[in-house]
Every structure is written in structure tokens, then in C-alpha cells.
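Okay, here's what each chain looks like letter by letter:
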Amino acid sequence: IDLGNKWLFRVRPSDAIQAEAAVKHLIDDTSAKKIGIFYSNDEMGAAGAEIARTYADANGVEYVEESHTTTDTDFTTQILKFKEAGVDAMFIWTPLETIYATVARQMYDLGLDVIGAGAPGLITTSSIGNMEPEWIEGWFAASDIIISNPDQNVQDFINSYKEKYGEDIYPD
């Protein structure tokens, strides 16, 4: 990408690229036939939902969609609609890490036991730290980097970054 500035370059995939990767994996690799598209009604969420709808339509996959605000704390109504519709996978796209834990718990409590795919906020330490493993068994997220990945190349990069800049990649 030429940004017109030799000192500026992109090193992080855009939300659109990450949303497409997540929904592509959700549909292509899990054999989902009917997905729930659950998104925040802000710019990030709406853009992710549009990408999910477009990919589902292009691949003949049915979907049901519901939105939420970034201040909502109860998602029971939306989750029950997904459950009643018989979705077999969930695309969850929201910028707030705290929402993922609440959605995961409520899906678990309400018996919507399907695979979930999310934005990078799903797998941050602050998000995962507020979830029980059984709530999110089999879930995944599109992400820039997973700092707990034991791959030596990943760990070498993380250590080099910390040595050079004196701080962790993700201070969370």
C-alpha cells in the first residue's frame, strides 16, 4: 500500500481483512450452514456484519443477524433469536473486549452451544480472563498476533520487541 509517505506504512491488517478471514474460516472450515451475525451498531461492527453477509450470500450460507449497542449488558433477546433460528455458528464482531465475555456466558447459559468467531478483542488477556473455558470451546478470532503462541518465531519476535522498546507488545 502506497500511503504517499515514505515514513508511514501499515503493519496491521485492517478490520475488514480480519472480518473476512474470520467469516471465511467460519463458513469454509466448519461447514456452517446457517450463521448468526451478531455485531455492534457502530462503524466497526456494521462493516464486519456487511462483510459477513456478503461472504455468506456468495457461498449460499443462510444467516440471521442481530445488533447491539456498545453499552448493552444483556444479550438474552438476541441470543434466543439465534437459538430459535437454529444457527450452527456465530460471527460476533464488536470492538469491546468486555462484551465478548458477557455474550459467551449468556450463550452458554441459554444453551446456544455453537462455534464462535470474533474480532481480535475476543482473545485479549482481559477478555479471555473473564471467561470460563467451556463457554468458548472451539471459538477463534482473527488477530494480529497471539502472544501466548509457543512458536519460536513468534516468541523471538516478542522478545526482540521487548528488548528494543523496553515494553511488552500488548501491555494488557
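Structure: see above.
To start, this report covers the structure provided alongside it. Predicted, not measured: the structure shown is a model, and the values here were computed from it.

1. Structural notes on the environment of Arg53
Part 1: With respect to the helices, strands and loops of the structure, Arg53 is situated in helix 2 (residues 43–58).
Part 2: Residue contacts for Arg53: discarding those within four places in its chain leaves Ile37, Tyr39, Ala46, Tyr63 and Glu65.
Part 3: At 2.7 Å, the side chain of Arg53 forms a polar contact with the side chain of Glu50.

2. Focus: the pairing of strand 1 (residues 34–40)
Part 1: In terms of residue burial, strand 1 counts as a mostly covered element, since 6 of its 7 residues are buried.
Part 2: Bridge analysis of strand 1 against strand 2 (residues 62–68) gives 7 bridges, and the strand direction is parallel. Bridge assignment links Ile35 to a residue of strand 2, and that residue is Tyr63.
Part 3: With helix 2 bridging strand 1 and its parallel neighbour strand 2, the resulting β-α-β unit is right-handed.
Part 4: Here strand 1 pairs with strand 3 (residues 89–93) via 5 bridges, running parallel. When the sheet's bridge partners are listed, Ile37 is paired in strand 3 with Phe91.

3. Describing the pairing of strand 3
Consecutive side chains of a regular strand alternate in pointing toward one face of the sheet and then the other.
Part 1: Counting buried residues along strand 3, 5 of its 5 residues qualify, which places the element largely inside the surrounding structure.
Part 2: Because side chains alternate across strand 3, one face comprises the buried residues Ala89, Phe91 and Trp93, and the other comprises Met90 and Ile92, equally buried.
Part 3: Where strand 3 meets strand 4 (residues 115–118), 4 bridges bridge the pair, whose relative direction is parallel. Bridging from a neighbouring strand, Ala89 pairs with Ile115 of strand 4.

4. Details of unusual backbone geometry
Part 1: Phi at Ser31 is positive, roughly 60°, even though this residue is not glycine.
Part 2: Among the secondary structure elements, Ser31 is positioned in the loop between helix 1 (15–28) and strand 1.

5. Some thoughts on the sheet that holds strand 4
Part 1: Overall, parallel pairing links the 5 strands, which are arranged 2-1-3-4-5 in an open sheet. Either end of the sheet is taken by a strand with one partner, and the two such strands are strand 2 and strand 5 (140–141).
Part 2: Across the sheet, helix 2 touches strand 1, strand 2 and strand 3, and the angle it forms with strand 1 is around 165°.
Part 3: The strands touched by helix 3 (residues 76–85) within the sheet are strand 1, strand 2 and strand 3, with strand 2 carrying the most contacts at an inclination of about 170°.

6. As for the pattern of salt bridges
Part 1: Within the structure shown, the criterion is met by 5 salt bridges.
Part 2: The residue Arg105 makes a salt bridge to Asp109 at a minimum N-O spacing of 3.6 Å. With a gap of 4 residues between them, Arg105 and Asp109 both fall in helix 4 (residues 97–109), about one helical turn apart.
Part 3: Shared partners join several salt bridges into a network, and the residues in it are Glu50, Arg53 and Glu65.

Rules behind the numbers
- Residues numbered from 1 in each chain as written.
- Predicted model: local features only at pLDDT ≥ 70, side-chain atom pairs only at ≥ 80, totals over all residues.
- Heavy atoms only, no water.
- Helix = DSSP H or I, 4+ residues; strand = E, 2+ residues; numbered from the N terminus.
- Contact = heavy atoms within 4.5 Å.
- Polar contact = N/O pair within 3.5 Å; in protein donor to acceptor, adjacent residues only side chain to side chain.
- Buried < 20%, exposed > 50% of the residue type's maximum accessible area, 1.4 Å probe, protein only.
- Pairing = 2+ DSSP bridges.
- Right-handed = clockwise from strand over helix to strand, strands pointing away.
- Axes fitted to C-alpha atoms, helices over the stretch in contact; angles between N-to-C directions.
- Salt bridge = Lys/Arg side-chain N within 4 Å of Asp/Glu carboxyl O.

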